[in-house]
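Listed here are the chains, written in short residue letters.
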Amino acid sequence: AFSEVVNRLGFTAEVMREAKLEKPAGLGAREADLTLLESRYSQRSIIDMMDNLTGIEDVYSGNYHAEPGFGVADFVSEDAREIDNSMREATAAVRDVLGSFDGTLEEAIVAEDGKMETLYERIKELQRVIQVDLSNHLGVVVTFSESDGD
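Residues numbered from 1 in each chain as written. Predicted model: local features only at pLDDT ≥ 70, side-chain atom pairs only at ≥ 80, totals over all residues. Heavy atoms only, no water.

Q: How should I be thinking about the pattern of salt bridges in this particular structure?
A: Close approach of charged atoms allows side chains of opposite charge to pair. All chains considered together, the criterion is met by 12 salt bridges. The salt bridge partner of arginine 17 is glutamate 22, with a shortest N-O separation of 3.5 Å. Taken individually, arginine 17 and glutamate 22 each receive the classification buried, so the pair is uniform in this respect. Between arginine 95 and glutamate 57 there is a salt bridge, and its shortest N-O distance comes to 2.4 Å. In this pair, arginine 95 is assigned in helix α3 (residues 81-99) and glutamate 57 in helix α2 (residues 45-61), connecting sequence segments 38 residues apart. Because the salt bridges share partners, they merge into one network encompassing Arg17, Glu18 and Glu22. (Salt bridge = Lys/Arg side-chain N within 4 Å of Asp/Glu carboxyl O. Buried < 20%, exposed > 50% of the residue type's maximum accessible area, 1.4 Å probe, protein only. Helix = DSSP H or I, 4+ residues; strand = E, 2+ residues; numbered from the N terminus.)

Q: How do you make sense of α3 when you look at a structure like this?
A: Its 19 residues give α3 an end-to-end C-alpha distance of 27 Å, which sits within 8% of 27 Å, the value for a rise of 1.5 Å per residue. Turning to α3, its buried residues are Ile83, Asp84, Met87, Ala90, Thr91, Val94, Val97 and Leu98. Packing partners of the buried residues in α3 comprise α1 (2-25), α2 and α5 (115-138). (Expected span 1.5 Å × (residues − 1). Contact = heavy atoms within 4.5 Å.)

Q: Just checking my understanding: could you explain the side chain of serine 135 for this structure?
A: Position of serine 135 relative to the elements: it lies in helix α5. Serine 135 gets classed as buried once you look at its relative accessible area, which sits at 2%. Residues contacting serine 135, with those up to four places away along its chain left out, are Val6, Ile130, Val140 and Val142.

Q: Whenever I open this one, the nonpolar core confuses me. Can you help?
A: A general trend in soluble globular proteins is that nonpolar side chains are found buried together. By size, the foremost hydrophobic cluster in this structure holds 39 residues, and its most contacted members are Leu98, Phe101, Leu105, Met116, Leu119 and Leu126. Contributions of two or more residues to this core are made by α1, α2, α3, α4 (105-111) and α5. For this core, the element with the most residues is α5, which contributes nine residues. For leucine 119, the contacting residues outside a window of four places in its chain are Leu21, Met49, Val94, Val97, Leu98 and Phe101. (Core = buried A, V, L, I, M, F, W, Y, C linked by side-chain atoms within 4.5 Å.)

Remember, this is a structural readout, not a statement about activity or role.
This is the structure we're talking about:
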C-alpha cells in the first residue's frame with residue numbers, strides 16, 4: 001500500500017505535466033489544443049493544478065486538513081535529508097510559477113510568454129524527484145500509470 005501512495009504522488013505530477021499542461025499548451029511537437037484544458041469554462045485550470053500540488057504536499061508532509069499525521073516524509077531517513085529538501089524545493093518552485101499567473105491558464109497559453117515552459121520544467125523536476133530520488137531511497141518500484149502506453 002505504501003508503494004501505491006508514493007506511485008500516486010508521481011502519477012499526480014505526471015498528470016499535471018502531461019494532461020493538464022503539455023497537451024493543452026502544445027508544448028514539444030504538439031499544437032496547442034485549448035479544448036483539452038481541465039475546467040476551461042469555469043477558468044479553474046490553475047486552481048485545479050494548485051489543488052493537485054497541495055495534495056502532493058499534504059501526503060508527503062502528513063498534513064491533512066491542518067491535522068498532523070504520518071506522511072511519506074516520515075520515512076525519509078536522516079542521512080537522506082537532501083531528498084526531503086529537494087522534494088520541498090520542487091513543490092515550492094511549482095507553487096511559485098502557478099502563483100505568478102495573472103489570469104487564466106488559457107490566457108497564459110495564448111500569450112506565449114514562456115511561463116508554460118517554465119511551469120512544465122518545474123513540474124517535470126518535481127516528478128523526477130518523486131519517481132527517481134524519493135522512490136529509489138524508499139525502495140519503491142515505480143509502476144505504470146493509466147496515461148502510460150501506446
